[in-house]
Each structure stands twice: as structure tokens, then as C-alpha cells.
Amino acid sequence: VKELIQTIEDQHIPNYEILISGPDPYNKDEANKNPYLKLVGDVQLEEDIRPPLCHKKNRIIDQASYNNICIMHDRYLLPDNWYEQMKKYGNFFEALCLKTFNLDGQRFGVDWMKFDPSISGRKHLNRALLYNEWHRDAIIPGGSFIVKKNLFEHIKLDERLHWDEMEDMQLSRMAVLSGLLIQLDPDNYYISRQVRHGV
């Protein structure tokens, strides 16, 4: 988490906040804690061992001060020019996806994909889209995405679903049914330390 925070600080964004739903990554002895960092509380569900990521992301959306929200799991990092590329793309988006590369610079195979309604088993993956391709069934990947608070605070993530229960596909379908456009910026990217999917 601290490494991700450092890559955010390195962007030199003039107005921002970092909201963490989880434990404080800093101990009491560490100095220079970012004044823009705010803990929004962890989520623990009684008698449920599933990770409550939808609850956590909804809490971040609720407590965000700014309309542009970037939500990332802690395995992600920002490249040095991430904010400069965001400024080049501009503020005209509703739900924005970015390319994702692993630490070796290879494509993270589920960064930009379309929902395949024929999924019949947990081993089946959705089809990755080309970076110059768009489809009305595009998926907002759960690990990292950028959205407008005013457009998503009425959709939210379905808290009956938990991590790895296709919660990102449900959010994507709700976005499309609400008339929102899911887009990709092919000139910007995230870095992911891990790739969970076998692609």
C-alpha cells in the first residue's frame, strides 16, 4: 500500500485525496505521513469470510470529496507520467479503463474486455478486446477503474456480491443500463504486481 501511495505522491497532482478502506499502512513511528491520506475504515462482516470489496469501494465512493475517483486494489502502481496522460485525455469520461501491464511490461490480459454471456464455468474467461476496439458489453475491471462520483453514487456496487463473484461485471451492466459509457484510454496505463488470471 505504501508503495502505491508513493507512486501517487510522485505524480504531483495539485488537488487530490487518498482514501484507504483497510488498516493504516503506517505505524506510529513513521514520519511524513501524507496529509491528503484519509482512512475511511475497514469493513468486517460478521459470519462471512468472503472479502467485502464492494462494501469497501462503496464506502470510498460515498466519502470521496472529488468527482473524479480512481479506485485501485493494493497490487497496483502508477507509472511516472500517469497524471500527465490523464490531463491529455481530459475530463470527458463517465467510466474510464486504462491498459494494465505487469512488472515485465506485458499486457495484463483482463484489463480491457467484453462480457461473454456464455460463461459456464470458473475457468472460462471473457474475451480481451484490442486497445482500438470498443464493445457495448465492455467490462469495468474491478481491480482498477476511474469513474465520476455523481454518476456512480446511485449505481454503486452490489454488496450482496464479494470479491471474485463477478461484481465488476454486475457494476458494468448497471452502468450500461443507466446509459453510461465505458471507455478506454489507450495511451495511459497502470502497473500490476500480480496477475491472478491465467491469460
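Quick caveat, the model's predicted, so the values are computed rather than measured.

### Some words on the sheet that holds strand β4 (residues 76-77)
- In space, the five strands of this open sheet follow the order β3-β8-β5-β9-β4, with mixed pairing throughout. The sheet is open, and its two borders are formed by β3 (68-72) and β4, each paired with just one other strand.

### Quick word on the environment of tyrosine 66
- Turning to its location among the elements, tyrosine 66 is positioned in the loop between α2 (53-63) and β3.
- Counting along the chain gives 84 residues from tyrosine 66 to asparagine 150, while the straight-line C-alpha distance between them is 9.5 Å.
- In contact with tyrosine 66, not counting residues within four places along its chain, are Asn15, Tyr16, Glu17 and Lys149.

### Remarks on the packing of aromatic side chains
- Evaluated as defined, the whole model comprises four aromatic pairs.
- Note on tyrosine 16 and tyrosine 36: the rings are 4.9 Å apart at their centroids and 40 degrees apart in plane angle, and the pair reads as tilted. A residue pair is termed long-range when its members are at least 10 positions apart, and tyrosine 16 in the loop between α1 (2-9) and β1 (18-20) and tyrosine 36 in the loop between β1 and β2 (37-39) qualify at 20 residues.
- The buried category is assigned to tyrosine 16, whose relative accessible area is 12%.
- Here a set of aromatic residues connected by ring pairs shows up, and it is made of Tyr76, Phe108 and Tyr190.

### Regarding the confidence of the model for the chain
- With 90% of its residues at a pLDDT of at least 70, the chain reaches an overall mean of 88.
- Across the chain, helix α3 (residues 82-89) holds the top mean pLDDT of 98, while strand β7 (residues 127-128) sits lowest at 88.

### Topic: α2
- Most of α2 sits out of view: eight of its 11 residues are buried.
- Where α2 is concerned, the buried positions are Leu53, Cys54, His55, Lys56, Lys57, Asn58, Ile60 and Ile61.
- Check the buried side of α2 and you find it contacts β1, β3, β8 (144-148), α4 (149-152) and α5 (167-177).

### Here's the deal with unusual backbone geometry
- If you check the backbone angles, histidine 12 has positive phi at about 55 degrees while not being a glycine.
- Note on placement: histidine 12 falls in the loop between α1 and β1.

### Remarks on α1
- Within the sequence span of α1, burial applies to Leu4, Ile5, Thr7 and Ile8. The arc enclosing the buried residues of α1, seen along the axis, measures out at 160 degrees, which places them on a common side.
- On its buried face, α1 is in contact with β1, β2, β3 and β4.

### Quick notes on the pairing of β8
- Taken across its five residues, β8 has five buried, putting it largely inside the fold.
- Alternating positions in β8 separate into two faces, Ser144, Ile146 and Lys148 on one and Phe145 and Val147 on the other, with burial throughout.
- Of the pairings in the sheet, the one linking β3 to β8 comprises five bridges and is antiparallel in character. Within the sheet, the bridge partner assigned to cysteine 70 lies in β8 and is isoleucine 146.
- Here strand β5 (residues 95-102) runs beside β8; their pairing, made up of two bridges, is antiparallel. By the bridge assignment, alanine 95 is partnered in β8 with valine 147.

Reading the values: rules and limits
- Residues numbered from 1 in each chain as written.
- Predicted model: local features only at pLDDT ≥ 70, side-chain atom pairs only at ≥ 80, totals over all residues.
- Heavy atoms only, no water.
- Pairing = 2+ DSSP bridges.
- Helix = DSSP H or I, 4+ residues; strand = E, 2+ residues; numbered from the N terminus.
- Contact = heavy atoms within 4.5 Å.
- Phe/Tyr/Trp six-rings, centres within 6.5 Å; stacked < 30°, edge-to-face > 60°.
- Buried < 20%, exposed > 50% of the residue type's maximum accessible area, 1.4 Å probe, protein only.
- pLDDT = per-residue confidence, 0-100.
- Arc of directions from axis to C-beta.

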